Amino acid sequence: MLVKLFKHDFRAHSRVQIPVLIAIAATAILGFFNMLFLAGTGSGQLISEESDGYPLMLSAAIGGTLLIFLALGAAMTVMAVLIFVRFYRSMVTDEAYLTFTLPVTAGQLIGAKFLSSAVWFFYGGVALTLAGGLMYTGAVLAGGEEFRVAMTELWGDLIDTLAENPLTVFLLVLCCIVTMIRWYFQITGAILFGASVVRKNKALAAVGMVFAVNFVVNLVTSIFSTSSLLGYSILFMGAVEYRDFSPNAWLITQICIGAVLAAVFWWMSVRIAKKSVNIE
Amino acid sequence: MAAVACYGLTKRYGSAPALSDVSLELPAGKIIGLLGPNGSGKTTFIKILAGLLKPTAGAVLIHGEEPGVRTKAMVSYLPERMVFDPGMRVSDCIELFRDFYGDFDERRAREMLSVLGVPVDGKLKTFSKGTREKVQLVLVMARRAKLYLLDEPIGGVDPAARDFILHTIVTAYEPGATVILSTHLIRDVEPILDGFVFLGSGSVIMSGDAETVRADTGKSLDELFREVFRCW
């Protein structure tokens, strides 16, 4: 049943997410030409630095680049928002009459929604990476020899640094994944909780609860994170001894906090879906 | 075994009671009208049977089982609202029913849609409200379920559509299955009813076999309803 739920939820997402992916692709192509323009202008290939029009062209190119980055960021945000709008619609509005009369468990419902959302978010990330790659290619093509050498050195240094710290890289990737999972269940749990405690204005209650839960969770996690960052015992026990800051220890702390919160919000989402579903 | 049995069934929304101590047994193989004025608890009762609401107190059994994943597989539920994403095609809806309900008869659904002239590759949002409701009814009735729960299927539709809906219910439901049909439009549904339950203010006012009551009282269910729920 999980596979079938995933299939139908994935398809439902595709109806709204494919236009966003197309928008990212279009922005990336625009970004490619903009980077040709920016790098060409910056390296003086398109216009002489002494020319009167140079400041104007450079400003236009930089402004265009900023707009492209903003558009890509906005597209990713829209993608994430649409994921949760779909969740809300299928779990709280009229569509929930179908969702909750399917012969499946609440855990399967929430699990399938998480998996399809994760796949679509992954697609968004891939699209964004490809867009970045395309824009980088444009910059390299038009940037001149000096730019290419600088970029090659930069990438070389980055790869060397990563290769020297494989555990940190692994923990960083794991931390990102756990944090995203925690965010997903935190938001879905808050949506279901918000919508389950009121009989009217459920959308407003759900959004309000998302912000409220986010505030509380950030407050609590920031205490742990900051204390950990400062190099003190995370539980403030005893007089606490100073220890050197270790990125790995900090990342492990973040992963543990994220995993615990993800489990708590998963349980909360499933429990509300099972026990106190409150459809509009 | 009764198709539906409930004992002391109570549901409150906050402090407001929607159902109060409802106890009844509904036999299998009958079309039963759940009849009552607006706000009498009909939809709440049906939602509990469909597994959408948990009762505050009491118990309900569907073919001997409490509402849950197993009963959802044998109950075909038609809510008052459109439950499909308007962006779906009719074929998507058919596929969804085929995937989740082992008792769904796809051939029968396609035949009924064909009779109605509904294109299966059409998107729901391109159809009129009436056509969308018919698609939903066809899908629900194309299941070979043990229990059909139809919540206000003829509310807010024109007389011609009412005839179509009632005809579909009578001809399409699985013999041996039970149909619970909630409405306050008694006159329209009376000819197809085998049994009835009058619900008023969340309580069972009267229930029984339609033919027997008509013979005993010399009144139609519609006349009896008007008498029982007289407003003045």
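Colleague: Sorry, what's going on with the overall build of chain A here?
Modeller: Scanning chain A from N- to C-terminus turns up eight helices and zero strands. When the elements of chain A are put in sequence order from the N terminus, they spell out α-α-α-α-α-α-α-α. In chain A, the proportion of contacts linking residues at least 24 apart, taken out of those at least 6 apart, comes to 78%.

Colleague: In this structure, what is going on with the overall build of chain B? I would like to understand it.
Modeller: When helices and strands are counted, chain B shows nine helices and nine strands. Taken over C-alpha atoms, the radius of gyration comes to 18 Å for chain B, in line with the 17 Å a tight globule of 232 residues would show. Put simply, chain B has 232 residues, and 44% of those count as buried. Taking the contacts inside chain B whose residues are at least 6 apart along the sequence as the reference set, 71% of them involve residues at least 24 apart.

Colleague: Could you clarify how one ought to interpret the sheet that holds strand β2 (residues 16-26) of chain B in this entry?
Modeller: Paired through backbone hydrogen bonds, the strands of a sheet run either parallel or antiparallel to each other. Residues and elements named next belong to chain B. Read across the sheet, three strands follow the order β2-β1-β4 without closing on themselves; strand pairing throughout is antiparallel. Whereas interior strands pair on both sides, the edge strands pair on one side only; in this sheet they are β2 and β4 (57-62). Neighbouring strand axes in the sheet, compared pairwise and without regard to direction, differ in orientation by 20° on average. The sheet contact formed by strand β1 (residues 4-13) and β2 spans seven bridges and is antiparallel.

Colleague: Looking at this model, I keep getting lost on the environment of B:Asp216. Mind explaining?
Modeller: Residue and element names in this part refer to chain B. By the secondary structure assignment, aspartate 216 is in helix α8 (residues 210-217). By the C-beta count within 10 Å, which is 10 here, aspartate 216 ends up exposed. As a C-alpha pair, aspartate 216 and phenylalanine 97 span 119 residues in sequence and 43 Å in three-dimensional space.

Colleague: Sorry, what's going on with the pairing of strand β5 (residues 75-78) of chain B here?
Modeller: Within a regular strand, the side chains alternate between the two sheet faces. Residues and elements named next belong to chain B. Side chains Val75 and Tyr77 project from β5 onto one buried face, and the interleaved Ser76 and Leu78 project onto a second face that is buried too. As judged from the four bridges shared by β5 and strand β6 (residues 147-151), these two strands associate in the parallel manner. When the bridges of β6 are listed, serine 76 appears paired with tyrosine 148.

Colleague: Is there a simple way to think about the interface of chain A and chain B in this case?
Modeller: When the parts come together, some accessible area is lost, and that loss is often what is quoted as the size of the interface. Contacts between chain A and chain B engage 18 residues on the former and 19 residues on the latter. Elements with a contribution of two residues or more to the side of chain A that touches chain B: α1 (2-42) and α3 (96-99) of chain A. Ranked by residue count, the leading element in the side of chain A that touches chain B is α1(A), at five residues. For the side of chain A that touches chain B, the residue count by class is nine nonpolar, three polar and six charged.

Colleague: I would appreciate a short explanation of the domain arrangement of chain B in the present structure.
Modeller: Residues and elements named next belong to chain B. Each assigned domain of chain B is listed with its residue range as follows: domain 1 (4-74 + 145-228) and domain 2 (84-144). For domain 1 versus domain 2, the separation of C-alpha centres amounts to 24 Å. In the side of domain 1 that touches domain 2, the residues fall into nine nonpolar, one polar and one charged.

Colleague: I keep staring at the packing of helix α4 (residues 106-116) of chain B against helix α5 (residues 129-141) of chain B and nothing clicks. Help me out?
Modeller: In a pair of packed helices, the angle between the axes and the distance between the axes together describe the arrangement. Residue and element names in this part refer to chain B. As a packed pair, α4 and α5 sit with axes 9 Å apart at the nearest point and diverge in direction by 150°. With respect to α5, the axis of α4 lies roughly antiparallel. As α4 packs across α5, the resulting crossing turns out to be right-handed. The residues of α5 that touch α4, namely those facing Ala109, Met112, Leu113 and Leu116, are Lys134, Val135, Val138 and Leu139. In terms of residue class, the contact of α4 with α5 is made up of seven nonpolar, no polar and one charged.

Colleague: Please clarify how helix α2 (residues 54-91) of chain A should be interpreted in this entry.
Modeller: A turn of α-helix holds 3.6 residues, and therefore any two residues three or four places apart point the same way. Taking 1.5 Å per residue as the helical rise, α2(A) with its 38 residues ought to reach 56 Å, and the 55 Å between its terminal C-alpha atoms agrees with that figure. Along α2(A), the positions that sit buried rather than exposed are A:Ala61, A:Ile68, A:Leu72, A:Ala75, A:Met79, A:Ile83, A:Arg86, A:Phe87, A:Tyr88, A:Ser90 and A:Met91.

Colleague: What is the right way to look at the domain arrangement of chain A in this model?
Modeller: All names here are of chain A. Assigned domains within chain A: domain 1 (1-163) and domain 2 (165-280). If you look at the interface, domain 1 gives 19 residues, while domain 2 gives 19 residues. Looking at the side of domain 1 that touches domain 2, the elements with two or more residues in it are α2, α3, α4 (106-142) and α5 (144-164). In terms of residue count, the dominant contributor to the side of domain 1 that touches domain 2 is α4 (six residues). Here the residues of the side of domain 1 that touches domain 2 are counted per class, giving 14 nonpolar, four polar and one charged.

Colleague: How should I be thinking about unusual backbone geometry in this particular structure?
Modeller: For residues other than glycine, phi is negative in most cases, and the peptide bonds are mostly trans. Residue and element names in this part refer to chain B. A positive phi angle, near 50°, is found at aspartate 21, a position not held by glycine. In this fold, aspartate 21 is placed in strand β2. One non-glycine residue, glutamate 152, adopts positive backbone phi at about 45°. You can see glutamate 152 is positioned in the loop between β6 and α6 (159-172).

Colleague: Before we go on, may I ask you to explain the sheet that holds strand β8 (residues 195-200) of chain B in this structure?
Modeller: Residues and elements named next belong to chain B. Strand order across the open sheet formed by six strands is β5-β6-β7-β3-β8-β9, with mixed pairing between neighbours. With one partner strand each, in any of the chains shown, β5 and β9 (203-209) form the two edges of the open sheet. Each strand axis lies, on average, 15° off the axis of its neighbour in the sheet, ignoring direction. Across the sheet, α8 is in contact with β8 and β9; its angle to β9 comes to roughly 90°.

Colleague: I'm lost on the confidence of the model for chain A in this one. Help?
Modeller: Reading predicted coordinates in detail is not appropriate for stretches of low pLDDT. In the predicted model, chain A carries a mean pLDDT of 85, and 88% of its residues have values of at least 70. The low-confidence segment residues 234-240 of chain A, where pLDDT is below 50, has seven contacts with residues more than four positions distant or belonging to other chains.

Colleague: How do you make sense of the confidence of the model for chain B when you look at a structure like this?
Modeller: Residues and elements named next belong to chain B. Summarising the model, chain B shows a mean pLDDT of 88, and 99% of its residues fall at 70 or more. Mean pLDDT in chain B bottoms out at α6, which sits at 80, and peaks at helix α3 (residues 90-100), which reaches 94. At the level of chain-chain contacts, confidence expressed as ipTM amounts to 0.88, with global pTM at 0.86.

Colleague: Sorry, what's going on with α4(A) here?
Modeller: For α4(A), which comprises 37 residues, the first-to-last C-alpha distance of 54 Å matches the rise-based estimate of 54 Å (1.5 Å per residue) to within 8%. A:Gly144 sits one or two positions beyond α4(A) and adopts a positive phi of about 85°.

Rules and cut-offs
Residues numbered from 1 in each chain as written. Chains lettered and ligands numbered in written order. Predicted model: local features only at pLDDT ≥ 70, side-chain atom pairs only at ≥ 80, totals over all residues. Helix = DSSP H or I, 4+ residues; strand = E, 2+ residues; numbered from the N terminus. Contact = placed C-beta atoms within 7 Å. Rg over C-alpha atoms; globule rule 2.2 N^0.38 Å. Buried ≥ 20, exposed ≤ 12 C-beta atoms within 10 Å, placed from the backbone. Pairing = 2+ DSSP bridges. Axes fitted to C-alpha atoms, helices over the stretch in contact; angles between N-to-C directions. Nonpolar A, V, L, I, M, F, W, Y, C, P; charged D, E, K, R; others polar. Domains from an automatic or database assignment. Parallel < 35°, antiparallel > 145°, perpendicular 65-115°, else oblique. Left-handed = near helix turned anticlockwise from the far one by under 90°. Expected span 1.5 Å × (residues − 1). pLDDT = per-residue confidence, 0-100.

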